[in-house]
Structure formats: C-alpha cells, structure tokens
Amino acid sequence: MTRRHQGGQMIMMLALAFALFLFGIIVLVADSAYLYVWSARVQAAAQVAAQAGANSVDPHYLYGQSNHLVDLEGSGGLMAFERGCVQVGDESAALTNAAGHAETADAMQLKGNGVRCVSDGCAVYALVEKTVHLPLPLFGDSVVVRGVSYAAPVVGAAVATAARCNRSAWVSADPASIP
C-alpha cells in the first residue's frame, strides 16, 4: 500500500469515529433535555399532590375537637387526604397503567409509576414516580424520575393564635421508609 492510500484510510476512520462521537453527543443531549422536562413535570405534580392532600382539613379541628389539621378519616379504602393527593398526583404526572389507561386513586400505585402520600396529622408528604421512556434509547430504554414535596393546610382565623397541631406517627408509612 502506498502512503497516500494509508492516509486516506486514516482520514476515513477518523471521520467515522467523529461521526459516531457526534451522534452519541446528540443522543445524550436529546435524552437529557427530555428527562429535564419530565423531572420538572413530576416535581410539580408532587407539589400539587401534597397541596391537594393538605387541602383536606379535618372539620373537627376547626371546632377544637381534634388536634390534627389533616383529615385522617377513611374514604373508600384510602384516607381523605390520600384520596385527594393520589388523584391529583396521578392526573398531574399523566401516569398510566400497563394498558395505557390513566391511573386512578383506587388503582394500585406501582413503584416506579405511582403516587404515595403520607401524613403526620399536620403536614402531607407526597412522592410521585414516573417511568419515562427515552426518545433515543442509546444509553438505556427508560429512567424513573421522582418528585417529592411537603405541604401543610392553611386555616384562617380572625385573630392569630399559636399553632396547636400535634404531630403524631406518619400514617400509611414513614417518609424515610419510602425508597
């Protein structure tokens, strides 16, 4: 082989390597942008879900008959705060089941694609997880994005008073135990 022929092969190999490098960078940027958008959506869904759960104020608290702000009464298999929290979280994060139908509060909330809400009677903790399938799956097919948020009910009064909500054990689960 001549030097000229070897030089041409070297240039072709470098061009191919550079093209593959550029393709990898483009895939990485596209997947990162897609994950950035979904992580923001899931975080917003967790925030809205926690606020919806905290929105269920215990009516007994308003009349001084209870020491916890959040309504911990049962509501169709879930506690009142859980039902509101899970419904809003499912809708906000656009969670779907394996058949492609929208998740509901009454459906099993799966790890990696579901909403979990807990309360200590004074605040609500929401965890939203969504499995996101990447648009260009060169480095993996899917990633689980997670959003976490806390919220507390706001109860107005004509005169400011000291808070008297007594925190108790976390109902449904301890937030630290949710992986």
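Student: Go over the nonpolar core, please, and point to the residues and values.
Tutor: Counting 25 residues, the largest nonpolar core has F81, C85, V115, C117, V124, A126 and V128 as the members making the most contacts within it. Elements represented by at least two residues in this core include exactly α1 (3-54), β2 (78-79), α3 (80-92), β3 (114-119), β4 (124-133) and β5 (142-151). With near-sequence residues (within four places) excluded, V124 lies in contact with A50, G53, A54, V70, F81, C85, V118, S119, S149, Y150 and A151.

Student: Residues and numbers for a nonpolar patch on the surface, please.
Tutor: On the surface, F18, F21, L22, F23, I25, L28, V29, L138 and F139 cluster together into a nonpolar patch covering about 900 Å² of accessible area. Structurally, L28 is set in helix α1.

Student: An account of the state of the cysteines is needed here, citing residue identities and associated values.
Tutor: One pass over the full model with this rule turns up one disulfide. Here C85 engages in a disulfide with C117; their sulfurs sit 1.9 Å apart. Measuring handedness by torsion sign, the sulfur bridge of C85 and C117 sits at about -75° and is left-handed. Residue C85 is found in helix α3, and its partner C117 is found in strand β3; the two are separated by 32 residues along the sequence. Per residue, the accessibility class of C85 equals that of C117, and both read buried.

Criteria and thresholds
- Residues numbered from 1 in each chain as written.
- Predicted model: local features only at pLDDT ≥ 70, side-chain atom pairs only at ≥ 80, totals over all residues.
- Heavy atoms only, no water.
- Core = buried A, V, L, I, M, F, W, Y, C linked by side-chain atoms within 4.5 Å.
- Buried < 20%, exposed > 50% of the residue type's maximum accessible area, 1.4 Å probe, protein only.
- Helix = DSSP H or I, 4+ residues; strand = E, 2+ residues; numbered from the N terminus.
- Contact = heavy atoms within 4.5 Å.
- Patch = residues over 30% accessible without salt bridge, like charges linked within 9 Å, V, L, I, M, F, W, Y side chains within 5 Å.
- Areas by Shrake-Rupley, 256 points an atom, 1.4 Å probe, with all protein chains shown as cover.
- Salt bridge = Lys/Arg side-chain N within 4 Å of Asp/Glu carboxyl O.
- Disulfide = S-S within 2.5 Å.

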